[in-house]
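Residue-level listing of the chains:
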Amino acid sequence: MPLYCSSLGANIPRILGLGRRSDNYTLSHIKAAGSCFLSLHHKSPNTLPTHIAFVSKFDQSFSSPVMEEDSKMFGLVSEPEEYCKELDVAVRAVQMACFLCQKLQDTFICKSRSNNHNLPATVAGWSVKAIVSWILFECLGGENVSIVTEEDVQTLSNTNTSELLEAVVKTVNECLAEAPQFGVEEPKSALGASEVLEIISRCNSVGGPSGIFWALGPLDGIMGSACGDQYAVALSLIEDGEVVLGVLGCPNYPMRKDWFSYHQSYLRMISKLTPPTFETWNEGCVIYAKRGSGKAWIQPLLHVNKKFVWPNHAKQVSVSSIDNLALATFCQPVEKANSSHSFGEGLAHSVGPSNQPLRVYGMMKYAAIACGDAEVFMKFARAGYKEKIWDHAAGAIIIQEAGGMVTDARGHPLDFSKGLYLERLDRCIVACAGTTLHERIIDAVDASWVSSCL
């Protein structure tokens, strides 16, 4: 199944990781719906899937505020070529997932005080799993795709969840009908309940130290989504225990730091009164990075009635240059279900930051640091709680490639090779904008920890 794309350079086989020879492929440009998409046909169909997902290249006619010299970065040919195809598909998948969540946003809010207030967020979570699983399998070849995520499909297929399943199937089909907008062919016919359940059931990987698999956080910050505030969709690719790419979709992320203090209802009202364009990009983004690139990128969510064209007005982001703890902005988690706030808040107060903390949900903390809106966050888990890999993999690589650091309190990198959880995590997760801040936070954690144990 081909993807719609912009013009491609001559090095397509190299981008695809299929060798340097170009005589095994024929290229044909096909006009459809006013857009050009490229079809790749292999001359030996018995050796490859009949449809191949490929990488979009920076369109030379595209106009963006990014400097011209950065166009080679978007072209991906000059980047490390490994995982370029996977990154392209992952960004589209997360864009579609955010599109789905945005369509349900008003439902989140309207039903947040009803007796079944969690239903819209639950529908969104299961629907995101289905959408991401479907895109990855269709575009990358099902035999090579393995996905680890939360909850087993049996939860959805129980007889007492028929209302939930019906809502998920409806939501998934409505989203897939918009697939061409994101450069992906929609299914030939609407999916039935059994097909949706089968697609979600593919998310059954258990991770581990070897092989390659995707980690999906379908709706991180469910409290935020339920009240119309911040939440995220996270997707990462892990190979032999190492994160190789990460994509973070943040539908309500403010594009200016001072807007974090505004109530989300105000931002929603402004968005409806003045529909966003790239020039008036107020909130919502996808942030992504690939291992070894030394860069992280942010692009707006796809606007209504627009088509996705790589790189979709992307701009490079980097962590803040602040290295003084007194001037640093700390992220303060909103959720209390799985975090121990008292020690982290006490530690933050002890180092004397002058700025008000930035209160954010879930993986939005990673986005805030990568974009330079905050400098530090610490996650101390409640006793007995184990951190899940899909809640941290995408954010960790994005911060690292943007110039920051993510470790445990001992300074050890997070270990994504132990299955579903971050095992042997020393006390907490520490994410910082740069090595100097990181060293000072690690020292502060040690000092406070010793004092608290006296």
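Keep in mind that this is a model prediction, so the values were computed, not measured.

Undergrad: What is the right way to look at the overall build of the protein chain in this model?
TA: For the protein chain, the helix and strand inventory stands at 13 helices and 14 strands. Counting only residues that meet the buried cut, the protein chain has 55% of its 454 residues in that class. For the protein chain, long-range pairs separated by at least 24 residues make up 72% of all intrachain contacts whose partners lie at least 6 apart in sequence.

Undergrad: Teacher, can you tell me more about the packing of aromatic side chains here?
TA: Two measures describe an aromatic ring pair: the distance that separates the ring centres and the angle between the ring planes. Scanning the model with the defined rule gives four aromatic pairs in all. Ring centres of Phe99 and Phe182 lie 5.6 Å apart, and the angle between their planes is 65°; on these two criteria the pair is classed as edge-to-face. Of the two residues, Phe99 is situated in helix 3 (residues 84–110) and Phe182 in the loop between helix 6 (162–176) and helix 7 (193–201); the sequence distance between them amounts to 83 residues. Judged on exposure class, the residue Phe99 and its partner Phe182 are both buried. Judged by centre distance (4.9 Å) and plane angle (90°), the rings of Tyr366 and Phe377 are edge-to-face. Of the two residues, Tyr366 sits in helix 11 (residues 364–370) while Phe377 sits in strand 12 (residues 376–380), which places them eleven residues apart along the sequence. In this structure Tyr366 comes out as buried when scored by relative accessible area, which is 2%.

Undergrad: Explain the pattern of salt bridges here, please?
TA: Pairing between side chains becomes possible if they bear opposite charge and their charged atoms approach one another. For the coordinates displayed, the defined rule picks out seven salt bridges. For the salt bridge of Lys170 with Glu174, the shortest nitrogen-to-oxygen distance reads 2.7 Å. You can see Lys170 and its partner Glu174 sitting in helix 6, four residues apart, about one turn around the helix. Residues Lys386 and Glu423 are paired through a salt bridge, measuring 3.4 Å at the closest nitrogen-oxygen approach. Here Lys386 is found in the loop between strand 12 and helix 12 (393–401), whereas its partner Glu423 is found in the loop between strand 13 (405–408) and strand 14 (428–432), with 37 residues between them in sequence. A relative accessible area of 42% places Lys386 in the partly exposed class. For Glu423, a relative accessible area of 27% puts it in the partly exposed group.

Undergrad: How should I be thinking about the nonpolar core in this particular structure?
TA: The nonpolar side chains of a soluble globular protein tend to be buried, and buried together. In this structure, Leu136, Trp214, Leu235, Val247 and Tyr288 are the most contacted members of the largest nonpolar core, which totals 67 residues. Elements with a minimum of two residues in this core: helix 3, helix 4 (119–140), helix 6, helix 7, strand 4 (212–220), strand 5 (232–239), strand 6 (242–254) and strand 7 (283–290). Considering each element in turn, this core owes the most residues, 15 residues, to helix 4. Not counting residues within four places of it along the chain, the set of residues in contact with Leu235 comprises Ala90, Ala93, Val94, Val132, Leu136, Trp214, Ala215, Leu216, Leu245, Gly246, Val247 and Ala394. Within the second largest apolar cluster, 60 residues are counted, among which are Ile287, Met363, Trp390 and Val406.

Undergrad: I keep staring at the environment of Glu163 and nothing clicks. Help me out?
TA: Position of Glu163 among the secondary structure elements: in helix 6. Residue Glu163 is classed as exposed on the basis of its relative accessible area, which comes to 53%. With 40 residues separating them along the chain, Glu163 and Val123 place their C-alpha atoms 9.9 Å apart.

Undergrad: Can you help me understand the environment of Arg291 in this one?
TA: Counting through the fold element by element, Arg291 comes out in the loop between strand 7 and strand 8 (296–300). With 109 residues separating them in the primary sequence, Arg291 and Gln400 have C-alpha atoms 8.7 Å apart. Among all residues touching Arg291, those that are not within four sequence positions of it are Tyr83, Glu242, Val243, Val244, Ile397 and Glu401.

Undergrad: Can you help me understand the sheet that holds strand 13 in this one?
TA: Strands pair in a sheet through their backbones, by hydrogen bonds, and they do so in one of two ways: parallel or antiparallel. Here three strands make up an open sheet; going across it, the order is 12-14-13 and the pairing antiparallel. Sheet topology places strand 12 and strand 13 at the edges, where each strand pairs with a single neighbour. Strand-to-strand twist of the sheet, defined as the mean angle between neighbouring strand axes without regard to direction, takes the value 10°. Across four bridges, the pairing between strand 13 and strand 14 is antiparallel. Along strand 14, the bridge assignment pairs Met405 with Cys432. Packing against the sheet, helix 12 makes contact with strand 13 and strand 14, and its axis sits at approximately 130° to strand 13.

Undergrad: What is the right way to read helix 12 from this model?
TA: Given 3.6 residues per turn, any residue in an α-helix points the same way as the ones three and four places further on. Where burial is concerned, most of helix 12 is hidden: eight out of the nine residues are buried. Residues of helix 12 that are buried include every one of Ala393, Ala394, Gly395, Ala396, Ile397, Ile398, Ile399 and Glu401, and no others. Just past helix 12, the residue Gly403 takes up positive phi, approximately 110°.

Undergrad: I would appreciate a short explanation of the pairing of strand 6 in the present structure.
TA: Remark: a regular strand shows side chains that alternate across the two faces of the sheet. Counting buried positions along strand 6 gives twelve out of 13 residues, so the element sits mostly inside the fold. Alignment of strand 5 against strand 6, held across seven bridges, turns out to be antiparallel. Paired with Ser236 across the two strands is Gly246, which belongs to strand 6. Where strand 5 hands over to strand 6, the hairpin turn is made up of two residues, of which Asp240 adopts a positive phi near 50°. Bridge analysis of strand 6 against strand 7 gives seven bridges, and the strand direction is antiparallel.

Undergrad: In this structure, what is going on with the sheet that holds strand 8? I would like to understand it.
TA: Within the open sheet, the seven strands sit side by side as 3-4-5-6-7-8-9. Their pairing is mixed. The open sheet has two free edges, formed respectively by strand 3 (147–149) and strand 9 (315–317), since each of these has just one partner strand. Ignoring strand direction, the axes of neighbouring strands in this sheet form an average angle of 25°. Bridging between strand 3 and strand 4 involves three bridges; their strand directions are parallel. Counted as the bridge partner of Thr149 is Leu216 from strand 4. Each of strand 3, strand 4 and strand 5 is contacted by helix 4, which is oriented at about 155° to strand 4, the strand it contacts most. Relative to the sheet, helix 12 contacts strand 5, strand 6, strand 7 and strand 8, its axis offset from that of strand 6 by approximately 95°.

Procedures and definitions
Residues numbered from 1 in each chain as written. Predicted model: local features only at pLDDT ≥ 70, side-chain atom pairs only at ≥ 80, totals over all residues. Heavy atoms only, no water. Helix = DSSP H or I, 4+ residues; strand = E, 2+ residues; numbered from the N terminus. Buried < 20%, exposed > 50% of the residue type's maximum accessible area, 1.4 Å probe, protein only. Contact = heavy atoms within 4.5 Å. Phe/Tyr/Trp six-rings, centres within 6.5 Å; stacked < 30°, edge-to-face > 60°. Salt bridge = Lys/Arg side-chain N within 4 Å of Asp/Glu carboxyl O. Core = buried A, V, L, I, M, F, W, Y, C linked by side-chain atoms within 4.5 Å. Pairing = 2+ DSSP bridges. Axes fitted to C-alpha atoms, helices over the stretch in contact; angles between N-to-C directions.

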